[in-house]
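Here is how the chains run, residue by residue.
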Amino acid sequence: MEIIARERIIHKMNSGLNFDTSALLGLRGFLALYILLFHSLLYSDLRVNILGQAIVPWFYLLSGFSLALRYTDHEIGSKTFVQRRLYKILPIYYFSLVLAFPLIFLGHNYFHPKMNHFTFWSCLLSLLGVQSWVVKYGFGPVGPSWTLSTLWFFYLNYQWIQRRLEKKSNGYLQNTIITCHFTQLVLGTLLYFVPHWTGYWLATAWPISRIPIFVMGVSCGILCKRMDSDTSDTLSTLLNKNWVLPLKSNLEAYLLLYVVCILSLFLAKTSEKDLLLAREGIFNTFLQLFFVYMQAMMMITLCIGHSRIANALKCSILQFLGHISYALYLIHEPVLYWINYMYFGPIEWHDNYKPGYIRLPAFLIPVHVLLSIGFAAAVTFVERKCKHIVMQYFSF
């Protein structure tokens, strides 16, 4: 409980407004759980797509927002900042790689069991954490690790972004949020049409195309830090523009739109080769581009509002999932493949492709979900205990 209390950031403004990010912690837990369910259903013999791709921009926004809340008006050296980031992300990241690497040779991974040029470079880039920077060689033995690679690029550029934005007026930051939204929309759309599968990933995972979203999160964080001292040029001028839905309506409208998109995809009965609606099709790409501004406004709403959704995100289950969300996000896919290995045993690939029947049986989906959550909780607990011991000897 002491660890939870220390990690929960609550800002009390001089105006009496409580700025509480516990709803965002619950949101992290919900997002990690949703990605878990997305992969569990998609990689099962049910082959159900619940559009997990569309929520990925949340991770970029939340990362920039959280860093801005913590480090705005707070001087910290570049070396110390990088050390803290490495200290936070590397242990579980490398653990997930160790967990997934043997699966390659057992036939239960993205790569051919026989080590080849592609697999070698992909694994090497993953060890360096730059797989999403290159894209050409895939994303390593842990599929979701590309998100951490993209965030790592953001972290290396965070301090100069923060220093530049801190000097700007509120009006400039407001315009930056809107400009960055349209920048990533146009850039992502253009990159999507790069030939072969690379276009989709350039539009949705490449750090250069996604950094505008991170900048949006940083700008939102700086604005929120200034809320108690703003006068005429306040954050409310951004949130209350005529062409922006009222904040509480924003939350419900986004959720309703998301449900409609999922139902539309089910009705379309898409195949994996469908260029329009399939997993890496135009439809799923644009879902990651169009709604980023609305997601940014929702993020602020969850902190400063008292909506039913914010209260729901503060429930104990989602708070717990929020604290293990990082581990849950990274290790749930290796856990799924280990379950497949225990069910199917080692497999041989034919014509450089994994046999199509190797999919998680539907009756094992609850096992995968519960085992992933339990394993993530255990890994997070052990990691924090080890860090506590390390902190007795080193200070970051």
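The shown structure was predicted, so the numbers you read here are calculated from the model rather than taken from an experiment.

### Details of the overall build of the protein chain
Regarding its fold elements, the protein chain presents 18 helices and two strands. The buried share among the 396 residues of the protein chain stands at 56%. Within the protein chain, contacts between residues at least 6 apart in sequence are counted, and of these 76% link residues at least 24 apart.

### What about the packing of aromatic side chains?
According to the stated counting rule, one finds 27 aromatic pairs in the structure shown. Ring centres of Phe95 and Phe375 lie 5.9 Å apart, and the angle between their planes is 65°; this geometry places the pair in the edge-to-face category. With a gap of 280 residues between them, Phe95 in helix H4 (residues 78–106) and Phe375 in helix H18 (residues 365–391) connect regions that are remote in the sequence. Residue classification places Phe375 among the partly exposed positions, given a relative accessible area of 30%. Relative to Trp201, the ring of Trp146 lies with its centre 5.6 Å away and its plane at 70°, an arrangement referred to as edge-to-face. Of the two residues, Trp146 is situated in helix H7 (residues 145–166) and Trp201 in helix H9 (residues 198–204); the sequence distance between them amounts to 55 residues.

### A few points about H18
Its 27 residues place the ends of H18 38 Å apart at the C-alpha level, agreeing with the 39 Å of an ideal helix rising 1.5 Å per residue. For H18, the full list of buried residues reads Ile365, His368, Val369, Ser372, Ile373, Ala376, Ala377, Val379, Thr380, Glu383 and Lys387. Elements in contact with the buried residues of H18: helix H2 (22–42), H4, helix H16 (316–323) and helix H17 (325–344).

### A few points about the packing of helix H10 (residues 207–225) against helix H14 (residues 292–304)
The interhelical angle for the contact between H10 and H14, taken along N-to-C directions, is 30°, at an axis separation of 11 Å. Our classification of the angle between H10 and H14 gives roughly parallel. Viewed along their axes, H10 and H14 form a crossing whose handedness is right-handed. When H10 is examined against H14, the residues Ile213, Met216, Gly217, Cys220 and Cys224 are found in contact with a partner set consisting of Val292, Tyr293, Ala296, Met299 and Ile300. Here the contact of H10 with H14 is composed, by residue class, of nine nonpolar, one polar and no charged.

### With respect to the confidence of the model for the protein chain
Averaged over every residue, the pLDDT of the protein chain is 80; residues scoring 70 or more account for 79%. Long-range and interchain partners of residues 1–18, a stretch whose pLDDT sits below 50, account for 27 contacts in this model, where long-range means more than four residues apart. Residue range residues 270–277 is modelled with pLDDT below 50. Its contacts to residues more than four positions away, or to other chains, number 17 contacts.

### Some remarks on H7
Under the 1.5 Å per step criterion, the end-to-end length of H7 is 31 Å for 22 residues, consistent within 8% with the ideal 32 Å. Remark: the principal bend of H7, roughly 50°, maps to Asn157.

### A short note on the packing of H2 against H17
Interaxial distance between H2 and H17 falls to 9 Å at its minimum, and their mutual angle equals 10°. Looking at the two axes, H2 sits roughly parallel to H17. In this structure, H2 contributes Arg28, Gly29, Ala32, Leu33, Ile35, Leu36, His39 and Ser40 to the contact, and H17 contributes Ser325, Leu328, Tyr329, His332, Glu333 and Leu336. Tallied by class, residues from the contact of H2 with H17 come to seven nonpolar, five polar and two charged.

### Overview of the environment of Leu27
Note that Leu27 resides in helix H2. Taking the C-alpha atoms as reference points, Leu27 and Ala310, separated by 283 residues in sequence, lie 8.7 Å from one another. In contact with Leu27, not counting residues within four places along its chain, are Trp58, Leu62, Leu302 and Leu313.

### As for the side chain of Glu383
Inspection of the secondary structure puts Glu383 in helix H18. In this structure Glu383 comes out as buried when scored by relative accessible area, which is 12%. Excluding residues within four positions of it along the chain, Glu383 makes contact with Lys88, Pro91 and Ile92.

### As for the environment of Arg163
Following the sequence through the fold, Arg163 ends up in helix H7. By relative accessible area, which is 44% here, Arg163 ends up partly exposed. Spatially, the C-alpha atom of Arg163 lies 9.9 Å from that of Glu75, the residues being 88 residues apart in sequence.

### Remarks on unusual backbone geometry
In the Ramachandran plot, Arg47 falls in the positive-phi region, its phi being about 55° despite a non-glycine side chain. Within the secondary structure, Arg47 sits in the loop between H2 and helix H3 (56–71). Positioned with a positive phi, Leu51 is a non-glycine residue whose angle comes to about 60°. Note that Leu51 resides in the loop between H2 and H3.

### So, a nonpolar patch on the surface
A surface patch of nonpolar side chains, amounting to about 280 Å² of accessible area, comprises Tyr94, Leu127 and Leu128. Here Leu128 shows up in helix H5 (residues 117–128).

### Observations concerning the environment of Leu31
Topologically, Leu31 is positioned in helix H2. For the pair Leu31 and Leu318, spaced 287 residues apart in sequence, the C-alpha separation works out to 9.7 Å. Setting aside anything within four residues of it in sequence, one finds Leu31 in contact with Ile55, Trp58, Phe59 and Leu62.

### A short note on the state of the cysteines
Going through the model one piece at a time under the given rule, you end up with zero disulfides. We note that Cys180 lacks a disulfide partner, and the nearest cysteine sulfur, in Cys220, lies 9.9 Å from it. On the accessibility criterion, Cys180 (12% relative accessible area) is buried.

Scoring rules and cut-offs
- Residues numbered from 1 in each chain as written.
- Predicted model: local features only at pLDDT ≥ 70, side-chain atom pairs only at ≥ 80, totals over all residues.
- Heavy atoms only, no water.
- Helix = DSSP H or I, 4+ residues; strand = E, 2+ residues; numbered from the N terminus.
- Buried < 20%, exposed > 50% of the residue type's maximum accessible area, 1.4 Å probe, protein only.
- Contact = heavy atoms within 4.5 Å.
- Phe/Tyr/Trp six-rings, centres within 6.5 Å; stacked < 30°, edge-to-face > 60°.
- Expected span 1.5 Å × (residues − 1).
- Axes fitted to C-alpha atoms, helices over the stretch in contact; angles between N-to-C directions.
- Parallel < 35°, antiparallel > 145°, perpendicular 65-115°, else oblique.
- Left-handed = near helix turned anticlockwise from the far one by under 90°.
- Nonpolar A, V, L, I, M, F, W, Y, C, P; charged D, E, K, R; others polar.
- pLDDT = per-residue confidence, 0-100.
- Bend = angle between axes of the 7 residues up to and from the residue.
- Patch = residues over 30% accessible without salt bridge, like charges linked within 9 Å, V, L, I, M, F, W, Y side chains within 5 Å.
- Areas by Shrake-Rupley, 256 points an atom, 1.4 Å probe, with all protein chains shown as cover.
- Salt bridge = Lys/Arg side-chain N within 4 Å of Asp/Glu carboxyl O.
- Disulfide = S-S within 2.5 Å.

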